[in-house]
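Observations on the model geometry
One letter stands for each residue in the lines below.
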Amino acid sequence: MSTSIHLSPGQVAASLALVALAAAISFWQKADLERDIGIATARSFVQLTAIGYAIKLIFEADTLWLVFALLAVMVVFGALTARSRAKKVPGAFWPLLIALALAGGTTLGLVVALGVFEPTARYLVPVGGMVIGNAMTASAVALNRLGDEMADSRNKIEATLALGATAQEAAAPFVHRALRSGMIALVDSTKTTGLIFFPGTMVGMLLAGANPTDAVRLQLILLYALLGSVAIAGLLATALAYRNFFTSAQQLIELEPG
Amino acid sequence: MRWDHPPVLFELGEVSLTRGDRCVLDSLSAAIPAGATAIVGSSGAGKSTLLRLLNRLADPNTGTIAYRGRPLSEYEPLSLRREVSLVPQLPALLEGTVESNLAYAAGLASKELDAERCLRLAGLDPEFVGRDVAKLSVGEQQRAMLARALAQGPKVLLLDEPTSALDHATRDAIEATLAELRRELEISIVMVSHDPEQARRLGDWVVRLEQGRAIEAGPIEEVL
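Residues numbered from 1 in each chain as written. Chains lettered and ligands numbered in written order. Predicted model: local features only at pLDDT ≥ 70, side-chain atom pairs only at ≥ 80, totals over all residues.

1. So, the overall build of chain B
Here is the rule we go by: Helix and strand assignments follow DSSP, with helices taken as H or I runs no shorter than four residues and strands as E runs no shorter than two, numbered in order from the N terminus. C-alpha atoms define the radius of gyration, and 2.2 Å times the number of residues to the power 0.38 defines the globule rule. Labels follow a simple rule on C-beta atoms placed from the backbone: if 20 or more others lie within 10 Å of a residue's own, it is buried; if 12 or fewer, it is exposed; otherwise it is partly exposed. By definition, residues are in contact whenever their C-beta atoms, placed on the basis of the backbone, come within 7 Å of each other.
Helix and strand counts for chain B come out as eight helices and ten strands. Against the compact-globule benchmark of 17 Å for 224 residues, chain B has a radius of gyration of 17 Å, which places it among compact chains. Each principal axis of the C-alpha distribution contributes one length, and for chain B these read about 45 × 40 × 35 Å. When each of the 224 residues of chain B is scored for burial, the buried share is 46%. Partitioning the intrachain contacts of chain B with sequence separation of at least 6 by distance along the chain shows that 71% fall at a separation of at least 24.

Right, here's the structure in full:
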C-alpha cells in the first residue's frame, strides 16, 4: 500500500526557515520562547535521528524482543515525562508506568489479535510509539487535573470522608473529571479530523504517494486504537493515583505546600 | 480530674501531633463527657485538629484516644465516622440538591431518609429539600450540612466553629437549633468555638486549649 519518498538533508535544512520564522515572531512579540524553540529544534533533530537509526536496526533484525525492549523504554520515558506534569500527585510514577504499559500492551495486543496489523516490527514500532505517546499525554493531563482538583477540593473531600464515605467514594467526582480532561482532547480532535485538520499518519502516507483510500483507512484504525489506549491509560492512571492521596484508614494525607 | 455525673465519651492521653515542623498538639490529655462540650482557645491552639482526631479524620503521632472506653484505633474508621459525625467549619456540600446530599449521607449509614425531619431539626424549612445547594446562602449551607449529618443518625456531633462565618442573627438561630437538637435527640455535641460566650450558652463542659495543650477542663460555670 505504500511507496517511499526520499528526502535529502538539504530539504530538511530548508524547512528550518520556518523555525527561524517562529523564533523571529517570538522575539518580535517578546514571547520569550526563542531559547525553547532552539532547544526543541535541536532535541527533535537528535532524538528523531537516533530513533530513526534504532528503528532501522530493529526493522532489519525483525525480532520481537527488540521491539518490546524499545516499547518498554518508551513506556519508562513516557511515565517519567508525564510525572513532571503531575507534580501535585504523590507517587505518580508507578500509576503512570502501569497505565502506559497496560494501555500500550492491551491496544497492540488487540489490534494484532483482531488481525488489523501483523505482529512484526514494521507495524508494532510506529503504532506502539503513537499509542504510548498519546497515552502519555492523556494520562499526564488527567493526573495534572487530578492534582489540582484534590488540592482545591480538600474541604469537600474531607467533609465527605467525615460522613463515613470511602476514599474511593469521596474522590469519585474528581477522578471522573480528571479522566474526562485526559480524554477530551483526543475525542475532540477525532470529531474534527478531516474537517479542520489532517492527522499526521494520513498526511505522511499521502506525501509518500499512497492511495488516499489506504491512507484514510490506516488513519481511522489508528484513531480508533488511540481512543482505546487513551481511555485505558487515563482510567488506570487516575484509578491508581487517587489512592496516593489517602491513608489506609481513609484519611486525606497532608500534602507539602507548593 | 473529678467526674460527678456524665460518663466519659472521649479520653485523650498524652496526644501529640506534628505537621511539618510545627507541633499542633503537645502531649494533650483531656476527658470529654457525654452532653455538650465546648473546646475553646485562641486561634492556632489546636482545636480543629483535636476535633478531627475524634472521628479519625487524622491520627495522632503518639498518645491514646478512647471512645466510650475503647481505643479509637480499634474502631473501623467508616462506621466510627457515621456514629461520630463531624460538621466542618466551612460548608462543603456535594453538587446537587439538598435532598441528594441528605440521601447520600443516609445511604452511607444505611438509614431511611426522613428529609423533612432532618431539615426541621437543622432549622431549615422543608421546602429547601429540592434546592440546588449552589444557590444557598452560607448560613443555609451550614444548616444543610447539619441536616446532612443528622440524616446519618449520629450519636455524637462534632461541630467545628458552626457559626464562625455567620452574622449575629443567623448565629443566634443556629445556636437555638443546636439547643433544640439536644432537647429532642439523645445526642452529644463536641463543639469548637473561639467565643467563650457561645461556649457558655451551649456547653455543659469546657476544655480550654493553649498551644496544643489542655490547660483547663471542667464544668462550664467553673471554668468560664
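From this point, the discussion proceeds with the structure in view.
2. Concerning the confidence of the model for chain A
Quick note on the threshold: Confidence of the predictor at the level of single residues is captured by pLDDT, which takes values from 0 to 100.
A residue-level look at chain A finds 97% of positions with pLDDT of 70 or above and a mean pLDDT of 92. The least confident element of chain A, judged by mean pLDDT, is helix α8 (residues 200-207) of chain A at 87; the most confident is helix α4 (residues 93-113) of chain A at 96.

3. Details of the sheet that holds strand β10 (residues 213-219) of chain B
All names here are of chain B. Applied cut-off: By the convention used here, strands pair only if DSSP detects at least 2 bridges between them. Here the axes come from fitting lines to C-alpha atoms, over the contacting stretch only for helices, and the angles between their N-to-C directions go from 0 to 180 degrees.
If you walk across this open sheet you meet the six strands as β6-β7-β8-β3-β9-β10, and the pairing is mixed. At either end of the open sheet lies a strand with only one pairing partner, and these are β6 (84-87) and β10. Here the average twist between neighbouring strands, direction ignored, is 15°.

4. Here's the deal with the interface of chain A and chain B
The line we're drawing: Under the scheme applied, nonpolar residues are Ala, Val, Leu, Ile, Met, Phe, Trp, Tyr, Cys and Pro; charged residues are Asp, Glu, Lys and Arg; polar residues are all the others, including Gly.
In this complex, chain A contributes 15 residues to the contact, which on the side of chain B involves 21 residues. The residue makeup of the side of chain A that touches chain B, split by class, is six nonpolar, six polar and three charged.

5. Description of the domain arrangement of chain A
All names here are of chain A. We apply this condition: Where each domain starts and ends comes from a domain assignment, either automatic or drawn from a database.
We note that the domain assignment places domain 1 (8-61) and domain 2 (62-245) within chain A. Distance between the C-alpha centres of domain 1 and domain 2: 25 Å. Taken together, the contacts link six residues of domain 1 with eight residues of domain 2. Considering only residue class, the side of domain 1 that touches domain 2 consists of five nonpolar, no polar and one charged.

6. Description of the sheet that holds strand β2 (residues 22-33) of chain B
Residue and element names in this part refer to chain B. If you trace the four strands from one edge of the open sheet to the other, you get β2-β1-β4-β5, paired in antiparallel fashion. In this open sheet, the two strands that pair with only one neighbour each are β2 and β5 (70-71). Bridge count for strand β1 (residues 8-19) against strand β4 (residues 62-67) is five bridges, and the pairing is antiparallel. Bridge pairing in β4 places glycine 13 opposite threonine 64.

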